[in-house]
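Structural overview
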Amino acid sequence: MNKIIVANWKMNPQSKFEVENILKGLSIFTKNLNNIDIIVCPPSPFVFIAGKVKNKKIVLGSQNVFYEKEGSFTGEVSVSMLKNLGVEYIIIGHSERRILGDTNDIVNKKILAVLKSKINPIFCIGESMRDMNGFYLSFIKEQIIEGLKGILKSQVKNIIFAYEPIWAIGSNAERGAVPQEFTEIRIYIKKIISDLYDIKTANIVRIIYGGSVNPLNAESFIKEGGADGLLVGRDSLNPKKFGAIINLVK
Ligand code: 13P
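Residues numbered from 1 in each chain as written. Predicted model: local features only at pLDDT ≥ 70, side-chain atom pairs only at ≥ 80, totals over all residues. Heavy atoms only, no water.

Counting buried residues along strand β2 (residues 36-41), five of its six residues qualify, which places the element largely inside the surrounding structure. Between strand β1 (residues 3-8) and its parallel partner β2, the chain crosses via helix α1 (residues 16-30), and the hand of that crossover is right-handed. With three bridges joining them, β2 and strand β3 (residues 58-62) adopt parallel strand pairing. Along β3, the bridge assignment pairs Ile 38 with Ile 58. (Buried < 20%, exposed > 50% of the residue type's maximum accessible area, 1.4 Å probe, protein only. Helix = DSSP H or I, 4+ residues; strand = E, 2+ residues; numbered from the N terminus. Right-handed = clockwise from strand over helix to strand, strands pointing away. Pairing = 2+ DSSP bridges.)

Let's shift gears to the packing of helix α6 (residues 135-147) against helix α8 (residues 179-196). In a pair of packed helices, the angle between the axes and the distance between the axes together describe the arrangement. Between α6 and α8, the shortest axis-to-axis distance is 11 Å and the interhelical angle comes to 45°. By the angle class used here, α6 and α8 are oblique. Regarding α6 and α8, the two cross each other, and that crossing is right-handed. Between α6 and α8, the contacting residues are Tyr 136, Leu 137, Ser 138, Ile 140, Lys 141, Ile 144 and Ile 145 on the first element and Glu 184, Ile 185, Tyr 188, Ile 189, Ile 192 and Leu 196 on the second. Residues belonging to the contact of α6 with α8 are distributed by class as follows: ten nonpolar, one polar and two charged. (Axes fitted to C-alpha atoms, helices over the stretch in contact; angles between N-to-C directions. Parallel < 35°, antiparallel > 145°, perpendicular 65-115°, else oblique. Left-handed = near helix turned anticlockwise from the far one by under 90°. Contact = heavy atoms within 4.5 Å. Nonpolar A, V, L, I, M, F, W, Y, C, P; charged D, E, K, R; others polar.)

Further remarks concern the pattern of salt bridges. In total, this model carries eleven salt bridges according to the counting rule given. As a salt-bridge pair, Asp 102 and Arg 97 come within 3.8 Å of each other at their nearest N and O atoms. Its relative accessible area of 10% is what places Asp 102 among the buried residues. Here Lys 110 ties to Asp 102 by a salt bridge, and the two come within 2.8 Å at their closest N and O atoms. (Salt bridge = Lys/Arg side-chain N within 4 Å of Asp/Glu carboxyl O.)

In this section: the pairing of strand β8 (residues 229-232). Neither face of β8 is open: one carries Gly 229 and Leu 231, the other Leu 230 and Val 232, and all of them are buried. Where strand β7 (residues 206-210) lies against β8, two bridges are found, and the strand directions are parallel. Counterpart to Gly 210 in the pairing with β8 is Leu 231. At this point the chain moves from β7, through helix α10 (residues 218-223), to the parallel β8, and the crossover so formed is right-handed.

See below:
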């Protein structure tokens, strides 16, 4: 299976000119790539522009979506709108969206809506802090069980699970995670999926890591941590750094 590298640009950059520049800057790194899927998730207003920059190696993604099909939902974006622009992956349940009100129930509705349209959800989970008693594990378990309500075994393989511990995200992060911490959660997620569905399904699902991924630690999460890919924030806005991450995974 191909490794996945996702660029989550968050609420950046501020102009379409910069969008084009970042993507053009990436083109030298994406040449001759065939074992990695690169997914770029720009802010909604820039999805169209990003899709116009010709690069067959880059797949379009979105940072969010609304679960209703259409209608009176001011400010929201539907799955069909994104699909119409060529979006193939949608990040759901990012911790920064959960802070703004996305509950496990909303996350579940979004995953269901996205799967129905044959788009791949990138389902984010992760605790805000670790405790000596392991209560963070039940928190993660609840996020997974509630997020997957009503999702069939045949659909789970299309979901990419992204483990993003909140304490390791952003420039104010307490500290970065280490590959062993990812491995522990990776095994834990597989166990939960195996209990909910079966071992075969647990073996197939892809689990990626996000939280201060940079050119210095990217390789270790794949090699030592066993990650199927990476979800990159800050460093995905810098073509040289993001390109270096691509090269390391390659
Ligand atoms: P940073 O890579 O900036 O820590 O962001 C991680 C993230 O939230 C990606 O979704």
